[in-house]
Amino acid sequence: MNLVLYIHGMGGSHTESEHYKSLFPDYDVIGLDYKTFTPWETGKEIHDAVSEFKSRYEKIILIANSIGAFFSMNADLDGLIEKAYFISPIADMEFLICNMMKAAGVTEAELEEKKVISTSFGPDLSWEYLTYVREHPLKWKLPTSILYGESDSFMPYEIISQFSQKHNSPLTVMKGGEHWFHTPEQMNFLDNWICSLSGR
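In this text the structure is predicted, and so the values were computed from the model without any measurement.

What counts and how
Residues numbered from 1 in each chain as written. Predicted model: local features only at pLDDT ≥ 70, side-chain atom pairs only at ≥ 80, totals over all residues. Heavy atoms only, no water. Helix = DSSP H or I, 4+ residues; strand = E, 2+ residues; numbered from the N terminus. Buried < 20%, exposed > 50% of the residue type's maximum accessible area, 1.4 Å probe, protein only. Contact = heavy atoms within 4.5 Å. Areas by Shrake-Rupley, 256 points an atom, 1.4 Å probe, with all protein chains shown as cover. Lys, Arg positive; Asp, Glu negative; His and termini not counted. Charge placed at Lys NZ, Arg CZ, Asp CG, Glu CD. Polar contact = N/O pair within 3.5 Å; in protein donor to acceptor, adjacent residues only side chain to side chain. Core = buried A, V, L, I, M, F, W, Y, C linked by side-chain atoms within 4.5 Å. Phe/Tyr/Trp six-rings, centres within 6.5 Å; stacked < 30°, edge-to-face > 60°.

S.K.: Would you take a moment to explain the overall build of the protein chain for this structure?
M.R.: Along the protein chain, the regular secondary structure elements total seven helices and eight strands. Overall, the protein chain is about 50 × 40 × 30 Å in size when its C-alpha atoms are taken along their principal axes. Within the protein chain, the proportion of its 200 residues that are buried is 50%. Of the contacts formed within the protein chain by residues at least 6 apart in sequence, a portion of 68% connects residues at least 24 apart. Carbon and sulfur atoms provide 52% of the accessible area of the protein chain, an area that totals close to 10,100 Å². With 16 positive and 28 negative side-chain charges, the protein chain shows a separation of 4 Å between the mean positions of the two kinds.

S.K.: Please explain the side chain of Q186 as it appears in this structure.
M.R.: Within the secondary structure layout, Q186 lies in helix α7 (residues 184-198). On the basis of relative accessibility, which here comes to 4%, the residue Q186 falls in the buried class. A distance of 2.8 Å separates polar atoms of two side chains, one belonging to Q186 and the other to E178. The contact partners of Q186, leaving out residues within four places of it in the chain, are M174, G176, G177, E178, W180 and F181.

S.K.: How should I be thinking about helix α6 (residues 157-166) in this particular structure?
M.R.: Along an α-helix, residues three or four positions apart point the same way, because every turn accommodates 3.6 residues. Within the sequence span of α6, burial applies to I159, I160, S161, F163 and S164. Summarising the contacts, the buried residues of α6 are in contact with α2 (67-73), α3 (93-104), β7 (144-149) and β8 (171-174).

S.K.: Which parts of the structure should I look at to understand the nonpolar core?
M.R.: Soluble globular proteins tend to pack their nonpolar side chains together in the buried interior. Ranked by size, the top nonpolar core spans 48 residues in total, and within it L62 and L77 carry the most contacts. When sequence neighbours within four positions are dropped, the list of residues in contact with L77 reads I46, H47, V50, L62, S72, W140 and L142. Counting 19 residues, the second largest nonpolar core, distinct from the first, contains V4, M187, L190 and W193.

S.K.: So what exactly am I meant to see when it comes to the packing of aromatic side chains here?
M.R.: By convention here, two paired aromatic rings are described through the distance between centres and the angle between planes. Enumeration over the complete set of coordinates arrives at twelve aromatic pairs. Measuring from ring centre to ring centre gives 6.4 Å for F24 and Y85, while their planes differ by 55°; the resulting arrangement is tilted. Within this pair, whereas F24 is found in the loop between β1 (2-7) and β2 (28-31), its partner Y85 is found in strand β4 (residues 83-87), the two being separated by 61 residues in sequence. Given the relative accessible area of 1%, F24 is considered buried. Taken together, a centroid distance of 5.7 Å and an interplanar angle of 80° make the contact between Y34 and F71 edge-to-face. Residue Y34 is located in the loop between β2 and α1 (39-54), and its partner F71 is located in helix α2; the two are separated by 37 residues in the primary sequence. One exposure class covers both Y34 and F71, and it is buried. Put simply, the rings of F24, Y27, Y85 and W193 pair up and form one aromatic cluster.

Now the structure itself:
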């Protein structure tokens, strides 16, 4: 038996995996309900879950959304999954954190001194998180296809394009698409993208 494992993005839910069941009728489809939110903790959660699933499934395909893709790339999954589909992946977390710091008017010196600073628009800024990201550059070697929305407000196209080229990962761009694929048109595009890549 084979498995599709879905890793949701921030504010998402493992129940989003239900959407993919019709796209993979011959697979079990499971969404991981992870409980932590740092690359070192969530990476370990994903690694442990995939290792356990590997004992029960012959083949595992990963579908990871947004920060779920970033966490997955911190999970040391070499040899555990066959291929991955990344939807709007956070391919450069340092860039995203530095952008958040600019928006919040926070300098590196302030963050280093205070360690954690709350923002009015999103997650807390963390010096430990930023330091971890800088000290652990992404090492991703698994076959991966990427779906990106042209109007993604988190990751510029240049970053996604560079990531795609560096990792030999085919990149598909949806014109007018957003970071969060959620409208009927966007979800139809996503479904067709997966079906075309999986030969369905």
